[in-house]
Amino acid sequence: MPIEPVGEIWMDGVFVPWDEATVHVLTPTLHYGWGVFEGIRAYETARGPAVFCHREHHERLHRSARMLQLEIPFSVEDLMEATRELVRRSGLTSCYIRPLVYLGYGEMGLNPLPSATRVAIATWPWGTYLGEEGLRHGVQAKTSSWVRIGANMIPTGTKACGVYINSSLAKVEALQAGYDEAILLNEHGEVAEGSGENIFVVREGTLLTPPLAAGVLRGVTREVIIRFAGDLGIDVAETRLLRQDLYTADEAFFTGTAAEVVPIRTVDGREIGDPGPVTKTLQERFFAVVKGQDDRYADLLDVV
Ligand code: PPE
């Protein structure tokens, strides 16, 4: 998905013109992947652009940074205000927002601790992640031959840059085999998540999703969907899922900031089918909420 350039990028407290937002090729994060990032979306609402689950994303960024001993010299509030200002200055009504915390140029080697911590926040328009067709009718997923990294390999609850080699290997494998998205199993053969999404399954009316201990990212969208399900009176359980649970699911879907809520139509060529009632209900609620059309969830939106 090519990026469309937008006016400015926030870097360490200042707004820099898009084309000048560069780093030195010897920036250690480029070499070793020691950095953390976030993915956030702002949506068009009647009250103007609003950032969805704004605080939660910046809090997770801070938690990820803490895990890697990266000291962000900006508070959650500072980064939220920078993000609001960035979106305002972009003139975009809806956009994707990418905060990145990385090691500054100067030091080299496997010890990241002497390096300075740098922070950037960029925004650009990012359309439907898994396609309009996928959003409406469901995507074709493939269980990956790549195993989701374990929590004692790289902390799985951390949105660390280097983790995404694991995700990209799975994504590329799925695309090259003609599928839309990958589902990674963990070291124990349990279902973990998509390459950039959490996964849910519906079985006999109950919504099931792997627990965090399965090695999944604590997705912000995942938590919101669990809240919606509770409010809708749908039973939810965090439970270990096996590959066979995917093949025999009544419904299945992915959730993520970029992906939003996307039905899964097939897994490894096995039919789950058209998006079912639970998936559709949760997807409808999600889009109503992000667009500010449901006052009960106004707390989830931060109007810029
Ligand atoms: N698991 C992974 C591995 C993941 O990367 C994401 C987000 C999620 C689950 C869902 O988390 P949340 O966005 O908080 O609901 N993936 C981000 C990066 C996607 C990309 O292509 O880059 C995102 O959706 O922004």
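This text follows the structure it describes.
Predicted model only: the values in this text are computed from it and were never measured.

> Which residues make up the pairing of strand β4 (residues 40-45), and what values go with them?
Among the six residues in β4, five count as buried, and that is most of the element. Following β4, the chain reverses through two residues before pairing antiparallel with strand β5 (residues 48-52).

> How would you explain the layout of surface pockets if you had to name every residue and give the values?
Approximately 1,200 Å³ is the volume attributed to the largest pocket. Every residue lining the largest pocket is counted, 49 residues in all, and those nearest its centre are Phe37, Tyr96, Arg98, Trp126 and Tyr164. Contributing elements (two or more residues each) for the lining of the largest pocket: β1 (8-11), α1 (28-32), β6 (95-103), β7 (117-124), α5 (164-176), β10 (191-194), α6 (220-231) and β14 (251-256). Of the residues in the lining of the largest pocket, the class split is 25 nonpolar, 17 polar and seven charged. Estimated volume of the second largest pocket: approximately 280 Å³. Taken together, 15 residues form the lining of the second largest pocket, with Arg41, Tyr43, Ser94, Trp126 and Glu260 sitting closest to its centre. Elements represented by at least two residues in the lining of the second largest pocket include exactly β4 and α4 (132-137). Counting residues per element, the lining of the second largest pocket draws most heavily on β4, at four residues.

> Can you explain the site of the ligand? Please cite residues and give values.
Taken together, 22 residues form the shell around the ligand, and within it Tyr96, Tyr129, Tyr164, Thr221 and Thr257 come nearest. In the environment of the ligand, an oxygen atom lies 2.5 Å from a nitrogen or oxygen atom belonging to the side chain of Tyr96. One of the backbone nitrogen or oxygen atoms of Gly196 is found 3.3 Å away from a nitrogen atom of the ligand. Counting atoms within 2 Å of the grid points, the majority share of the ligand lands in the largest pocket. For the shell around the ligand, a count of residues per class yields seven nonpolar, 10 polar and five charged.

> Now, about helix α8 (residues 277-290): what can you tell me, with residues and values included?
With 14 residues, α8 extends 20 Å between its outermost C-alpha atoms, agreeing within 8% with the 20 Å of an ideal straight helix rising 1.5 Å per residue. α8 sits mainly inside the fold: 10 of its 14 residues count as buried. Turning to α8, its buried residues are Val278, Thr279, Leu282, Gln283, Arg285, Phe286, Phe287, Ala288, Val289 and Val290. At the C-terminal side of α8, Gly292 shows a positive phi close to 75°.

> Let's hear about empty space enclosed by the protein: which residues, and what values?
Applying the stated rule across the entire model yields one cavity of 30 Å³ or more. The calculated volume of the largest cavity comes to roughly 50 Å³. Arg41, Tyr43, Phe52, His57, Thr221, Thr257 and Phe286 together form the lining of the largest cavity. Here the lining of the largest cavity is built from residues that sort into three nonpolar, three polar and one charged.

> Break down the nonpolar core for me, citing the residues and quoting the values.
Nonpolar side chains in soluble globular proteins tend to be buried together. Core analysis: the biggest nonpolar cluster contains 83 residues, and Phe52, Leu207, Phe228, Ile264 and Leu282 have the highest contact counts within it. Apart from residues no more than four positions distant in its own chain, Leu207 is found in contact with Phe200, Val201, Val202, Ile225, Ala229, Ile234, Asp235, Val236, Ala237, Phe253, Val278 and Leu282.

> How would you explain the state of the cysteines if you had to name every residue and give the values?
Under the definition given, this model contains zero disulfides. Free cysteine Cys53: the closest other cysteine sulfur is in Cys95, separated by 15 Å. Cys53 sits in the buried class, given a relative accessible area of 2%.

> Could you give an account of the packing of aromatic side chains, naming the residues involved and the relevant values?
Applying the stated rule across the entire model yields 11 aromatic pairs. An angle of 70° between the planes, with centres 5.0 Å apart, marks the rings of Trp10 and Phe74 as edge-to-face. Of this pair, Trp10 sits in strand β1 while Phe74 sits in the loop between α2 (54-67) and α3 (76-90), and the two are 64 residues apart along the sequence. Judged by its relative accessible area of 17%, Phe74 is buried. With a centroid separation of 5.1 Å and 85° between ring planes, the pair formed by Phe286 and Phe287 is classed as edge-to-face. For the pair shown, Phe286 and Phe287 are each scored as buried. The rings of Tyr43, Phe52, Phe286 and Phe287 are connected pair by pair, giving a single aromatic cluster. Over the ring of Phe15 we find Arg89; its NZ or CZ atom is 4.0 Å from the centre of that ring.

How each quantity is defined
Here, residues in each chain are numbered from 1, in the same order as that chain's written sequence. Local features in this predicted model are restricted to residues whose pLDDT is 70 or higher, and side-chain atom pairs enter the listing and the counts only when it is 80 or higher, whereas totals over whole chains, interfaces and linings include all residues. By convention in this description, side-chain values take in all heavy atoms of the structure and omit both hydrogens and water. Relative accessibility decides the category of a residue: with a 1.4 Å probe and only protein chains considered, values under 20% of the type maximum give buried, values over 50% give exposed, and everything between is partly exposed. Each helix corresponds to a stretch of at least 4 residues labelled H or I by DSSP, and each strand to a stretch of at least 2 residues labelled E; elements are numbered beginning at the N terminus. A pair of strands is treated as paired once DSSP finds two or more bridges between them. A cavity here means a set of 1 Å grid points, computed over protein atoms only, where a 1.4 Å probe fits but cannot escape. A pocket is an open set with protein on both sides within 12 Å along at least 5 of 7 lines, and lining residues have an atom within 4 Å of a point. Grid points are joined across faces, edges and corners, and a volume is the space filled by probe spheres set on the points. Here the nonpolar group is Ala, Val, Leu, Ile, Met, Phe, Trp, Tyr, Cys and Pro; Asp, Glu, Lys and Arg are the charged ones; every other residue, Gly included, is treated as polar. We call a residue near a molecule or strand as soon as one heavy atom of that residue lies within 4 Å of the molecule or strand. Polar contact is defined as a pair of N or O atoms within 3.5 Å, subject to the rule that within protein one atom must be able to donate a hydrogen and the other to accept it, and that residues adjacent in sequence are counted only when both atoms are side-chain atoms. The rule for placing a molecule in a cavity or pocket is simple: more than half of its atoms must lie within 2 Å of the grid points. Expected helix span is taken as 1.5 Å per residue step, with the number of steps being one fewer than the number of residues. To qualify as a nonpolar core, a set must consist of buried Ala, Val, Leu, Ile, Met, Phe, Trp, Tyr and Cys residues joined through side-chain atoms within 4.5 Å. By definition, residues are in contact when any of their heavy atoms lie within 4.5 Å. The disulfide definition used here is simple: a pair of cysteine sulfur atoms within 2.5 Å. To pair, rings of Phe, Tyr and Trp, with the six-membered ring standing in for Trp, must have centres within 6.5 Å; the planes then decide the type, stacked if under 30 degrees apart, edge-to-face if over 60, and tilted in the middle. Whether a charge sits over a ring comes down to the Lys NZ or Arg CZ being within 6 Å of the ring centre and within 35 degrees of the ring normal.

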